[in-house]
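# Observations on the model geometry
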Amino acid sequence: MSQQDRRPTRKEDDILRLLATKAHLGTRNLNHSMKKYVEARSPEGVHIFNVDLIWQKIKIAARIIATVKNPEDVIVVSARPYGQRAVVKFAKYTGALSTSTSRWTPGTLTNQNTKKHQEPRLLIVTDPRSDRQAVVEASYVNIPCIALCDTDSSLEYVDCAIPCNNRDTKAISMIYWLLAREVLILRGQLFKDEEWDVLVDLFFHRDPEKEIEGRREDREEEVEAAGEKEEEGGQWDKGQEEEAWKGN
């Protein structure tokens, strides 16, 4: 079989997906604890992650999640709005729990007197900086933490870091999509070489205001197009009448 006819492996497909969603692009700032995941720096000063390391860390994180017998003992958090939809979808397909709001209630993991008190076995956060309260509380009660970390993120109290761009909804969604797929494969709910029929687009954050504006523009275009068709149809009918009158 020639190299041109060779089908790309699942790893190669995943790496292409990560590159397409710019999950490998970091920030201009670099935390000393994230240096080991960075392989280059662009002329603009943006640090670039090693894509192979991102893929490896996703696999490791999936193994950690799969070891938790009860899926509901895993809680996923995202204080950033553009990561909340991805968190909800990840929880839906893996059986985990997700926070319904962007604000983390203090004492959720440490204060048993609160109504929202939870005792998970694993915590997953989208950003260790914006989700700092959850990470700190997890460290108090010895709950392991998996975090999506950018180049400027601190790894304090983080047990498993997934280096990636955690400031873009497409990158965040792709990470959670790949993570959910790997968890399902490890649980035996999905075959290793089977294509997952869930699209990553479902994980993308959508701005309701932009969607309403887009629908309004589409309707206006449809109305304009319909009006133009009516005008063309009216002119055509008028011409037909003139020809019929001359024929008579």
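Conventions used here
- The written sequence of each chain sets the order in which its residues are numbered from 1.
- Only residues with pLDDT of at least 70 are given local features in this predicted model, and only at 80 or more are side-chain atom pairs given and counted; all residues enter the totals for whole chains, interfaces and linings.
- Derived side-chain values reflect all non-hydrogen atoms in the structure, with water molecules and hydrogen atoms excluded from consideration.
- Stacked, tilted and edge-to-face are the three classes applied to pairs of Phe, Tyr and Trp rings, where Trp contributes its six-membered ring and a pair requires centres within 6.5 Å; stacked means planes under 30 degrees apart, edge-to-face means over 60, and tilted covers the rest.
- Strands here mean DSSP runs of E at least two residues long; helices mean DSSP runs of H or I at least four residues long; both are numbered from the N terminus.
- Throughout, exposure labels follow a simple rule: accessible area from a 1.4 Å probe, protein chains only, divided by the maximum for the residue type, with under 20% read as buried, over 50% as exposed, and the rest as partly exposed.
- Strand pairing is assigned whenever DSSP detects at least two bridges linking the two strands.
- In protein, a polar contact means a hydrogen-donor-capable atom and an acceptor-capable atom, both N or O and within 3.5 Å, with residues adjacent in sequence counting only if both atoms are side-chain atoms; elsewhere, any N or O pair within 3.5 Å suffices.
- Only buried residues count toward a nonpolar core, which is a set of Ala, Val, Leu, Ile, Met, Phe, Trp, Tyr and Cys residues joined through side-chain atoms within 4.5 Å.
- The contact rule is simple, with two residues in contact once any of their heavy atoms fall within 4.5 Å.

This part covers the packing of aromatic side chains. The tally for this structure, following the rule as stated, stands at four aromatic pairs. With 6.1 Å between their ring centres and 20° between their planes, Y93 and F203 make a pair best called stacked. Taken together, the residues Y93 in helix α3 (residues 81–94) and F203 in the loop between α5 (169–186) and α6 (208–247) connect sequence positions 110 residues apart. Note on Y93: relative accessible area 22%, which makes it partly exposed. With centroids separated by 5.5 Å and ring planes inclined at 35°, the aromatic side chains of W177 and W196 adopt a geometry described as tilted. Here W196 lies in the loop between α5 and α6 and W177 lies in helix α5, a separation of 19 residues in the sequence. Residue W177 shares its accessibility class with W196, and that shared class is buried. Among the aromatic residues, those joined into a cluster by ring pairs are Y93, W177, W196 and F203.

Turning next to the sheet that holds strand β6 (residues 145–149). The sheet built from five strands is open, its strands ordered β4-β3-β5-β6-β7 with parallel pairing. Looking at which strands have only one partner, the edges of the open sheet turn out to be β4 (97–98) and β7 (160–163). Examined bridge by bridge, strand β3 (residues 74–77) and β4 share two bridges and lie parallel to one another. The residue bridging I75 from the neighbouring strand is L97, located in β4.

Let us look at the side chain of S78. When you line up the elements, S78 lands in the loop between β3 and α3. When its relative accessible area of 2% is taken as the criterion, S78 is described as buried. Polar contacts involving the side chain of S78 include one to the main-chain carbonyl oxygen of R80, which spans 3.0 Å.

Now for the nonpolar core. Membership of the largest hydrophobic core comes to 62 residues, with the highest contact counts inside it found for L18, I65, F90, L123, I175 and Y176. Of all the elements, α5 adds the most residues to this core, at twelve residues. Other than its neighbours up to four places away in sequence, F90 contacts I65, V76, I124, Y176, L179, A180 and F203.

Geometry only, nothing functional implied.
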